[in-house]
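Observations on chain architecture
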Amino acid sequence: MAARVCARCLPRAWLCRRARQGYGRHYRAALCAELKQPLAIGDVARRPVQPHEVRVDVHFCGVNFADILVCRGQYQEKPPLPFTPGLEFSGTVLETGADVSTVKEGDRVIGVSNFNAMAEECVTDQKTLWKIPEKVSLQEAAVLPVSYGTAIFALEHRARTQPRETVLVTAAAGATGLAMIDVATNVLQAKINDAFLHVLQRKSTGKVLLSLK
Ligand SMILES: NC(=O)c1ccc[n+]([C@@H]2O[C@H](COP(=O)([O-])OP(=O)(O)OC[C@H]3O[C@@H](n4cnc5c(N)ncnc54)[C@H](OP(=O)(O)O)[C@@H]3O)[C@@H](O)[C@H]2O)c1
């Protein structure tokens with residue numbers, strides 16, 4: 001199901017946004033104004049960053065099942081309309097709040113946000129941002145937070161998986177299942193069934209990626 005919306009498919013106004021940023025206090029974002037209807041592109045007013053927050057110039061945004069559900073009004077969280085979907089993103093730091101110590105302007109980062117990532121800019125808490133290693137591209141890194149965050153939370157924090165324990169992954173064709181196998185074997189040194197390794201070799205990626213550049 002891997003797919004990508006390329007920048008050349010987007011309106012010229014979107015692509016020329018860098019020229020506009022210096023003059024206005026708005027950025028463009030995907031907006032869900034009505035449930036179960038296509039998203040629209042609209043201008044959103046910038047808000048100031050709080051002392052613990054960081055403003056990121058978003059380059060890529062993962063598209064997760066939760067985004068589809070929330071735009072249908074079927075997710076456990078129901079943001080008031082209109083809202084911007086998007087839980088995970090990659091980009092570069094534009095601005096940091098006074099108390100931010102983990103990242104600085106210009107750093108390449110990935111992050112999670114509470115449904116506002118499908119936009120040119122995203123403001124989020126420094127605790128939910130991580131620097132990207134030099135060798136990893138912004139495109140590849142964008143889809144790591146939700147899948148790998150879920151895997152680490154489930155296997156390490158909840159299950160407290162120990163080395164040499166066996167982990168059963170019942171479906172491993174997509175992003176979350178593949179992340180479960182990677183974290184279980186390569187980080188936590190646990191064992192998985194050979195049948196799932198076969199699935200891992202068959203498919204290398206399973207997530208839709210939205211490009212904002
Ligand atoms: N609780 C949490 O915190 C959390 C976090 C992340 C994800 N999730 C959930 O985990 C699930 C997977 O998410 P994901 O991000 O890993 O999705 P994904 O990357 O899109 O992977 C889904 C996989 O399921 C396969 N698939 C879809 N329909 C199928 C069918 N009818 N029969 C067999 N295979 C089918 C797809 O195959 P193709 O590629 O061939 O279409 C794809 O490989 C979703 O339900 C999501 O909501 C939960």
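Note: the structure precedes this text.
The structure reproduced in this document is the subject of the present report. Because the structure is a prediction, the values reported are computed rather than measured.

Parameters and conventions
- Residues numbered from 1 in each chain as written.
- Predicted model: local features only at pLDDT ≥ 70, side-chain atom pairs only at ≥ 80, totals over all residues.
- Heavy atoms only, no water.
- Helix = DSSP H or I, 4+ residues; strand = E, 2+ residues; numbered from the N terminus.
- Buried < 20%, exposed > 50% of the residue type's maximum accessible area, 1.4 Å probe, protein only.
- Areas by Shrake-Rupley, 256 points an atom, 1.4 Å probe, with all protein chains shown as cover.
- Polar contact = N/O pair within 3.5 Å; in protein donor to acceptor, adjacent residues only side chain to side chain.
- Core = buried A, V, L, I, M, F, W, Y, C linked by side-chain atoms within 4.5 Å.
- Contact = heavy atoms within 4.5 Å.
- Salt bridge = Lys/Arg side-chain N within 4 Å of Asp/Glu carboxyl O.
- Phe/Tyr/Trp six-rings, centres within 6.5 Å; stacked < 30°, edge-to-face > 60°.
- Pairing = 2+ DSSP bridges.

Per the secondary structure count, the chain includes seven helices and 11 strands. Looking at the 213 residues of the chain, the share that counts as buried comes to 44%. Just so you have it, the chain exposes about 12,000 Å², and 55% of that area is on carbon and sulfur atoms.

The next subject is the side chain of R55. For R55, the location among the structural elements is in strand β4 (residues 53-63). The buried category is assigned to R55, whose relative accessible area is 1%. Among the polar contacts made by the side chain of R55, one reaches the main-chain carbonyl oxygen of R47 at a distance of 2.9 Å.

Within the largest apolar cluster, 14 residues are counted, with the highest numbers of intra-cluster contacts made by V54, V56, F89, V93, V103, V109 and L129. Those elements giving two or more residues to this core turn out to be β4 and β5 (88-96). For this core, the element with the most residues is β4, which contributes four residues. Those residues within four positions of V103 in sequence are excluded, and the remaining contacts are V54, V93, T96, V109, L129 and K131. Judged by nonpolar contacts, the second largest core, of 13 residues, contains A151, A172, A179 and I192.

Within this structure, the stated rule accounts for seven salt bridges. For the salt bridge of R55 with E95, the shortest nitrogen-to-oxygen distance reads 2.8 Å. Of the two residues, R55 sits in strand β4 while E95 sits in strand β5, which places them 40 residues apart along the sequence. Given a relative accessible area of 30%, E95 falls into the partly exposed group.

Here we come to the packing of aromatic side chains. Going through the model one piece at a time under the given rule, you end up with one aromatic pair. Plain terms: the ring middles of Y75 and F115 are 5.6 Å apart, the flat faces sit at 85° to each other, and that makes the pair edge-to-face. With Y75 in the loop between α3 (65-71) and β5 and F115 in the loop between β6 (108-112) and β7 (121-125), the pair connects residues that are 40 residues apart, well separated along the chain. Taken individually, Y75 and F115 each receive the classification buried, so the pair is uniform in this respect.

What follows concerns helix α5 (residues 144-158). Within α5, the full set of buried residues consists of P145, S147, A151 and L155. Along its buried surface, α5 packs onto β5, β6, α4 (138-141), β9 (166-167) and α6 (175-187). Looking one or two residues beyond α5, the residue adopting positive phi is R160, at roughly 50°.

Where β4 and β5 come together, seven bridges link them in antiparallel fashion. From the neighbouring strand, V56 faces β5, where its bridge partner is V93. One ladder, built from five bridges, connects β5 with β6; its direction is antiparallel. When the bridges of β6 are listed, E88 appears paired with V112.

Function cannot be inferred from these measures alone, as they are strictly geometric.
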